[in-house]
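Each chain is listed here by its residues.
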Amino acid sequence: ELKKPQESVLKHLSLLHQFQGETSTLPRPVDPYGGQEWLPHHVCHHCPGAAWACHLGLNLVADQIIQDMRQLAASVVQTMQPTDDDAGFQPDDIVIHLRLGDALKGHHDEHIGLLPHRTYTGLIQKAIGEMKKQNVTTPMIRSIGIVTQSFDKANVRAFDRSDETLHKSKAVADDLVAFLQEVFPHVPTIQIHNEEPPLLSFARLTTARIASICGASTFCTLPVLATLGPARGYLFRGEKHSPWAVHTILQHPERLESFKVPRLANHVIDKLTVEDILHWLRNQLPIGEEIIDKAPIIRNSPSVKREDEKIIVDGGLSGSIRG
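Note that the coordinates shown come from a computational prediction; the quantities given were computed from them, not determined experimentally.

Parameters at a glance
Residues numbered from 1 in each chain as written. Predicted model: local features only at pLDDT ≥ 70, side-chain atom pairs only at ≥ 80, totals over all residues. Heavy atoms only, no water. Phe/Tyr/Trp six-rings, centres within 6.5 Å; stacked < 30°, edge-to-face > 60°. Helix = DSSP H or I, 4+ residues; strand = E, 2+ residues; numbered from the N terminus. Disulfide = S-S within 2.5 Å. Buried < 20%, exposed > 50% of the residue type's maximum accessible area, 1.4 Å probe, protein only. Contact = heavy atoms within 4.5 Å. Pairing = 2+ DSSP bridges. Salt bridge = Lys/Arg side-chain N within 4 Å of Asp/Glu carboxyl O.

(A) Region of interest: the packing of aromatic side chains. Inspection of every chain in the model, using the stated rule, returns 2 aromatic pairs. Measuring from centroid to centroid gives 5.8 Å for F236 and F259, while their planes differ by 65°, and the two rings are edge-to-face. Of this pair, F236 sits in strand β6 (residues 232-236) while F259 sits in strand β7 (residues 256-260), placing them 23 residues apart in sequence.

(B) The state of the cysteines, seen in detail. Taken as a whole, this structure holds 1 disulfide when the rule is applied. Through a disulfide, C214 is tied to C220; the S-S separation comes to 2.0 Å. The S-S bond linking C214 to C220 shows a torsion near 70°; that makes this disulfide right-handed. Residue classification places C214 among the buried positions, given a relative accessible area of 2%.

(C) Spatial organisation of helix α7 (residues 198-206). Across the 9 residues that make up α7, a large majority, 8, are buried. When α7 is considered as a whole, its buried residues turn out to be L199, L200, S201, F202, A203, R204, L205 and T206.

(D) View of the environment of R209. Tracing the backbone through its elements, the reader meets R209 in the loop between α7 and β5 (211-214). Judged by its relative accessible area of 36%, R209 falls in the partly exposed class. Each C-alpha atom, one on R209 and one on T227, is 8.8 Å from the other, the two residues being 18 residues apart in sequence. With sequence-adjacent residues up to four places away left out, R209 is seen in contact with P91, D92, D93, M131, R142 and A231.

(E) Local environment of the environment of A226. Turning to its location among the elements, A226 is positioned in the loop between α8 (221-225) and β6. Separated by 153 residues in the primary sequence, A226 and A73 place their C-alpha atoms 9.6 Å from one another. Setting aside residues up to four positions removed in sequence, A226 forms contacts with I66, M69, R70, T206 and R255.

(F) Molecular detail of the sheet that holds strand β8 (residues 263-265). One open sheet holds the 3 strands; their spatial order is β2-β8-β9, and the pairing between them is mixed. A strand with exactly one partner marks an edge of an open sheet, and here the two such strands are β2 (113-114) and β9 (291-292). Judged from the 2 bridges that link them, β8 and β9 form a sheet pairing that is parallel. Bridging across to β9, R263 finds its partner in I291.

(G) Geometry of the pattern of salt bridges. Applying the stated criterion across every chain, the model contains 18 salt bridges. Residues K126 and E130 are paired through a salt bridge, measuring 3.2 Å at the closest nitrogen-oxygen approach. Separated by 4 residues within a single helix, K126 and E130 lie in helix α5 (residues 117-133), roughly one turn from each other. Relative accessible area serves as the criterion here: at 7%, K126 is assigned to the buried category. Look at E130 and you get buried, because its relative accessible area is 15%. One salt bridge connects D174 with K170, and the closest N-O pair in it is separated by 2.7 Å. With D174 and K170 both in helix α6 (residues 163-183), this residue pair falls 4 residues apart, about one helical turn.

Don't take any of this as a statement about function, it's just geometry.
In structure tokens:
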């Protein structure tokens, strides 16, 4: 939560408590693997740690949680209407979740880290192409929002408060904004949302009008799974990124896809200068799926031409990358 959240945000935080109460009364899904009925505490038993460690359990209640996420997002949109004194909640056309903070520090959790900037521009172009294939009138991109954490040490977790971590986090986010402006110069609004409580971040990811992109993080998994068509939801598929979510993605190919790209491991980022990090983000092509955990950090094949750049989506090459 923010140290000094806006009054309008405080007014609607009670929705989160309502949401938490509703999810404790989930219906009893049938376990397709053993035929027994599952209750929420069974899911918790099979997922005792972080969500990325859960291979079985959350997928059995994913549909209900997705409905809860959509109801939560709808409540935010309906109750945070613009007024003369408050802009209210304004959904974005494109929403990107960018995990920073601990993703830039060397605690050797290779399941987090950074993805090349062209990952995001390629997926945005792919989403527009998919909407055209479905004969959906492609709207003009009016806004791109980047959801990430605060750059104010008073508003972040204790282990993210070092000056170096905050400096690198801001530099990465600002550079992504600059890169998006270069690739999409006609988009009037490209902004960072990093002073919103989690409730609003979830709603923002769910209500994207064209595409919602979940990078190397589990924070964004559920809200992006809840993305409403014809908008597309893209989720990074790593070794430890919510493996249970694959079941839901495969059930909804009309609006959800997973993707793979090279990832710069956080314990390598920890040793790099800001200039080296930004150089990698701008010059590494989103081709392949390796974890880059040692030098050289740029792993582009010299035989790959710019016009042939591709991003791996669900095991196949799809979506030209430009910019």
